[in-house]
Amino acid sequence: MDSRDSSATSNSVVNPSADGEGAPFSAVAKEAALLFQSRKYTECLELLHQLAQKKEHDPKVLHNIAITEFFWDGCSNPRRLIEVLSDVKRKSEVLARTSLEQVEATSNAGSRGTLGSKGNASAPEHQISVANNTSIFYVDEFDHSVAILNIAVIWFHLSEYSKALSILEPLYNKIQPIDETIALHICLLLLDVALACHDIAKSADVLNYLEKPLDNGTAIQQQSANLVVKSSSVPSNSAVADNSDLGTSAGLNTSDKSLARTLSDETLDYESMMSALDIGGHNLGSSQALSSSNNFSRSVFDKSLPSVDLKLKLQLYKVRFLLLSGNLKAAKREVKGAMNARGDSSIAILLKSQLEYARGNYRKAIKLLMALENRTEGAIGSMFFNNLGCIYHELAKFHTASIFFTKALTSSSSLRKEKPLRLSTLSQDKSLFISYNCGVQNLASGKPVLAARCLLKAQTAFYNKPLFWFRLAECCLMASEMGLLKNGGVSLESSELKLYVIGKGKWRRLAIKDESSRNGLSHSAEKTDWSISSNDGQPKLSLSLARLCLYNALHILSSCESGLHSSSSSPLDSSEVNDSSETRNVNHKILQGVEAKLSAMNLGLSQVTSNGDTKEQKAVVSQELISSSLSIYEETSRRKNKIVKEAVTANQAFVELELENPIGALSCARSLLQIPDCSRVYAFLGHMYAAEALCLLNRPSEASEHLSVYLAEGKNMRLPFTEEDFEQWRVVKNSECEETNNGGGPVSSIISRSEEPQILTFLKPEEARAALYVNLAAKSAMDGELQKALELVNQALVMSANSREALLTSVYIHLALGNSREALSKLKQLSRVRFLPFPVSSESS
Amino acid sequence: MMMIGIVNGEESYKLLKLLKQDHRPLLDLTSEFTSTFSPSLHFPLCTSLYLILEDKLMLTAPERLVAFTVLHQTYASPSSSMNPFIRFIAACNDGAENFERAFILQLLRSSDSSSSKEFLKQSAADYIKGFDPSAQTFPQIDQLQQQYCKNAHPEPYNCLFKDMPVKNVVSDPDVPSSCNISSPEFDLQPGVQPKIGSGDKDETVAGLLSNLTLEGIGPQWIRPRPPRLPIQDGELVWLVPGNNHELLWDSGMCADTSRGAAIRDLIAKATKSPLVPAQQEKVVMELANDPKLVYHCGVTPSRLPELVENNPLIAVEVLTRLINSPEITEYFTVLVTMEMSLHSMEVVNRLTQAVKLPSDFLRLYISNCITSCESIKDKYMQNRLVRLVCVFLQSLIRNNHIDVKEILIEVQAFCINFSRIREAAGLFRLLKTMEG
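Residues numbered from 1 in each chain as written. Chains lettered and ligands numbered in written order. Predicted model: local features only at pLDDT ≥ 70, side-chain atom pairs only at ≥ 80, totals over all residues. Heavy atoms only, no water.

An unreviewed UniProt entry annotates chain B as CCR4-NOT transcription complex subunit 11 originating from Punica granatum. Under the UniProt heading Sequence similarities (unreviewed entry), the entry covering chain B gives this text: "Belongs to the CNOT11 family." (UniProt positions renumbered as here; feature names shortened; annotations may be inferred.)

Naming follows an unreviewed UniProt entry, where chain A appears as CCR4-NOT transcription complex subunit 10 of Punica granatum. The UniProt entry for chain A carries this comment under Sequence similarities (unreviewed entry): "Belongs to the CNOT10 family."

Encoded structure:
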């Protein structure tokens, strides 16, 4: 670490003012900026290249060249721009580090010069302390926040929100030193990104931060500055005294050396301090004037954007935030305000429509959408169609919904063809999201392969959503149910029972061929194939893929669960949530020992100033609103996550059984049953799967424990769940709906789900009870208790006379008991059974 | 892995035809078996043979010998212990006709040495004809199992579902149980009009060959499919136009940084020695003009003590401007833990007037002051310091910068300790009036 070397190089490269050429450079730079603003990219590039020749390693020049070239090139390669900007950022960081070392080195050299006696020992010490604090004071030249912001902007336009979020967050955590204009851009982008990522806590944080500055003036700040300047005459006296004093304190012990020094001879200083304290005691006025100065850094936001404009923008952000958090009441209030302010803006209309959609007022939502201007054109067009699709899906008009989604997709993809290409057109192309909607829509209408294809298109935007993986798994399962999988799986058509009548007369035999039987270990060994889609883009659905998807879903779920827990462990009182610095400081290294005290200090900081004027109160109200929305969101997302977790685990157990892995199935079923407050439908499935897995593992007594859970004392079996359980679990909304008396009625509640294909229907409660009997019967039969099995299966047949499994088990029992006549009569009761003659070979006759 | 095929009617007739050729050498028949049927059919065909062999009525004696030969020879290489049917073959030795037992024994032994394959060159019919019952001794079944199956695959894992299947083929229950199936009464006679109730055995054998399944039928287990999860609230993405975020031009490029550099120099100086008034004014002005400058001016927590000692007012200016920074706690920590001095007290005092300091920080600072007063040795110095601390405390209390209750006990003790000093007594009285 030779300080002189580094200082020499960085001086020549970075510090234009040092060689006296700073002024002409800055004039050229200004001109280039003007050209850039007026989109004269060719001329701008010329100037920039001139600059680059003279300052070839200046990261800022490189940065602006990259940006300008991108526009000059027609925004054709955003990913390449990200690479270039990341490179600029890295260079900038290196330069900043060397310059810091240089600064420290020179200051050390300086102190060495004046004090003389101090050795070199202090140098490494200093450098260590600097290394710890590098983040704090990047000097202007090396501030690369613009480069980082621009990288995030591109990720945003590429709809890679989590990437944008991860790059913006550290920037936001150090936002104070950043120039206001840039800081505002950072905040707004972060807000958009956080909302897109459903990161509700982060958006609340940014909203709070942005809301504060709007209410503060700049006048006080000026005052405070003046005050300090005036009083600065006091220490000027002490300066002289202090200098004359250097040697005298030698006799005192070191601990209070400096104290003694200041106390001993500096009468002037001491007295002035005494009097200052005394005056300060009565100087209430000044302290009040100063008290608001802590806000000055924010007030500058007003400069960069017209305040009214920003205010409206924030209002719309707030509506989106409230909608996302599910605080619909507050959203309604807020959207009203926004509509009053500029009712015609399409974004306000779309938000209002979204509100009505979320509240289940589908008619109102449609009406609002119809009020959009240019509703079928361009970017708005694809949103219009997509949102209509959402509404019609909710109305269970699946066919109509899918038409709208398709229209949305076409109009969205046509956007890309527009010339000239602009960065914003990239983000206006929402086909990723529409594709997801399409996928879910196709799944609901029983088209698993199509659904999977759509979902896979949406993968880049949804890969971190548990529901996405779960839906993909559902596609696989549905495909297997419909017999669409190439190997394994059973098609519905072949599920009928075939009875071959073989031979004649005394040699006549009846062969029972049950192709759908999947008891125990069948031969459907499936090749494991980890790739999701084949070369032609067709998704390769399989049960192994389902297993993989479910693993993903569960993994993401448990990681966001732990996230929720950690944030909920700290009580959500407003001061804590609201103060952005509080949350940020958590990560900060704080000196040990005083840590506890300091965190309390921090709390105090958030309550700085209490002038109690109306504006302050308004800010407090809105902070409370935000924090209450946060807790609403936490509550609902916990509930939603629980439902998804139950569904994922149940499906996992099922898939493991299908893939002939009873051990895996058992552990999934058990973890399903361990979910606290597990819904009764899934608990039933958990018991069924666990019992089957245990039978497969030759542990019949444990299996029967699972099946007997529903046995009320004696022999009566309780219904494992009721119709209401099911309905409750299906419809979670409509609590907010208020149209009931207007005659319109909450549409969703009247709609019969008749359009839903039969394949999706689940067991009715009675059928579920019959299934329990059937499985108990099977278990008893396996134990060799044929009579008991017969009783149980007869009970099942009472409840569900056409149950195929019940009849077949009954056939088995009768055959095992040697009663083939009875067995045959049961066989004839099966609804899907065909008697077939065995072909007589021409050769033999 | 080879796909396992399904035996259709035609193939089972072909197999039956093969079995019926009791006059051809057995070896010919086995090679014909492997050449006629594709490898994927070998296992299902052999399984059918195995299942039909279990029913002793269905095949004639020579047919059975052919079937056993096929079962054994199809899987004879590389080693007969790999034969999936070896256990069954060995077990069949029990309770069968003597010539069949002898034949099976020879089959089993044939795998020991190639020479003994000779007997397979005769036909099944010839074997039965030439069989001499007196020349045979039969080993126990255990012994056979021990000898021929010890290297075989262990019994496959069987779960309960597999344990007790019944055959999936049912005899016609309408055939009276008194009917003796092996009597030729109802067998088809060539050229004779069939009676009611008569049937062709071959047809049945062929049917069985293609329809018997290893699994048989067993009790049924219901595995309900999990229901499809309904669309969740907010799962469908509702689209709203986002805000446009454009790429920003970095206006810091080649910007004039001389002013910032000047301030950094001044601050660096300020940590070494007091600045002259003009310099101080310049720093304060620049900091006021550019609110972000304070973050770039080079003041770090580690440098704060030097700044406080040399230029307390600039320190105050910097700290008030940093109050919203997340690092402010670090600065405060340094301020509280640095050595007590007149200037640090001045900074704290001014700060209390400019901003509301966290009360914890103030308490900590007051404790430090009191400790310093107590530990100082020089009496004169101590007096001066105590006086100063007292005035400082009074100022804090009068301006309501601190809640008296929080520090009451500690400060009272301090006042009593130094009651000889006038200011301490005054402070004590002030505390008393506050209490009342």
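J.: Tell me about the packing of aromatic side chains, and please be specific about residues and values.
T.: On inspection of all chains with the given rule, the structure shows 25 aromatic pairs over all chains. Relative to F37 of chain B, the ring of F33 of chain B has its centre 5.4 Å away and its plane inclined at 55°; by these criteria the two rings are tilted. A network of ring pairs unites the aromatic residues F156, Y161, F433, Y436, F462, F468 and W469 of chain A as a single cluster. (Phe/Tyr/Trp six-rings, centres within 6.5 Å; stacked < 30°, edge-to-face > 60°.)

J.: I'd love a proper account of helix 20 (residues 346–358) of chain A, names of residues and values included.
T.: All names here are of chain A. The first and last C-alpha atoms of helix 20 sit 18 Å apart over 13 residues, in line with the 18 Å expected at 1.5 Å per residue. If you check which residues of helix 20 are buried, you get I347, A348, I349, L350, L351, S353, Q354, L355, E356 and Y357. Among the residues trailing helix 20, G360 stands out with phi positive, at a value near 85°. (Helix = DSSP H or I, 4+ residues; strand = E, 2+ residues; numbered from the N terminus. Expected span 1.5 Å × (residues − 1). Buried < 20%, exposed > 50% of the residue type's maximum accessible area, 1.4 Å probe, protein only.)

J.: Describe in detail the domain arrangement of chain A, supporting the description with residues and values.
T.: Residue and element names in this part refer to chain A. Along its sequence, chain A is carved into domain 1 (25–104 + 141–213), domain 2 (463–485 + 539–561 + 619–708) and domain 3 (710–729 + 760–844). The gap between the C-alpha centroids of domain 2 and domain 3 is 28 Å. Counting residues at the interface gives 15 residues for domain 2 and 21 residues for domain 3. Between domain 2 and domain 3 lies a buried interface of about 1600 Å² when both sides are counted; carbon and sulfur atoms form 72% of it. Of all residues in domain 2, the largest losses of buried area upon contact with domain 3 belong to R680, F684 and L707, amounting jointly to 39% of the total for that side. For the pair domain 2 and domain 3, the interface holds zero salt bridges. Across the domain 2-domain 3 interface, the total number found is two residue pairs in polar contact (both at pLDDT 80 or more). Of the residues forming the side of domain 2 that touches domain 3, the biggest block, nine residues, is contributed by helix 35 (residues 680–696). (Domains from an automatic or database assignment. Contact = heavy atoms within 4.5 Å. Buried area = accessible area lost by both parts, 1.4 Å probe. Salt bridge = Lys/Arg side-chain N within 4 Å of Asp/Glu carboxyl O. Polar contact = N/O pair within 3.5 Å; in protein donor to acceptor, adjacent residues only side chain to side chain.)

J.: Pulling in residues and values, what's your account of the nonpolar core?
T.: In this structure, L48, L168, V193, I391, Y436 and L827 of chain A together with L247 of chain B are the most contacted members of the largest nonpolar core, which totals 228 residues. Filtering out sequence-adjacent residues up to four positions away, Y436 of chain A remains in contact with L455, A458, F462, L467, F468 and R471 of chain A together with E235 and V237 of chain B. Within the second largest apolar cluster, 71 residues are counted, among which are L287, V318, F392 and L430 of chain B. (Core = buried A, V, L, I, M, F, W, Y, C linked by side-chain atoms within 4.5 Å.)

J.: Requested: an account of the pattern of salt bridges, with residues and values cited.
T.: Under the counting rule described, the total for this entry stands at 29 salt bridges over all chains. Across the pair K91 of chain A and D87 of chain A runs a salt bridge whose closest N-O atoms are separated by 3.4 Å. With K91 of chain A and D87 of chain A both in helix 5 (residues 78–115), this residue pair falls four residues apart, about one helical turn. Taking relative accessible area as the criterion, K91 of chain A reaches 36% and is therefore assigned partly exposed. Relative accessible area serves as the criterion here: at 28%, D87 of chain A is assigned to the partly exposed category. Ionic pairing is found between E658 of chain A and R223 of chain B, a salt bridge with its closest N-O pair at 2.7 Å. Remark: R223 of chain B occurs in the loop between helix 10 (201–211) and helix 11 (258–270) and E658 of chain A occurs in helix 33 (residues 614–658); the pair is interchain, linking two chains.

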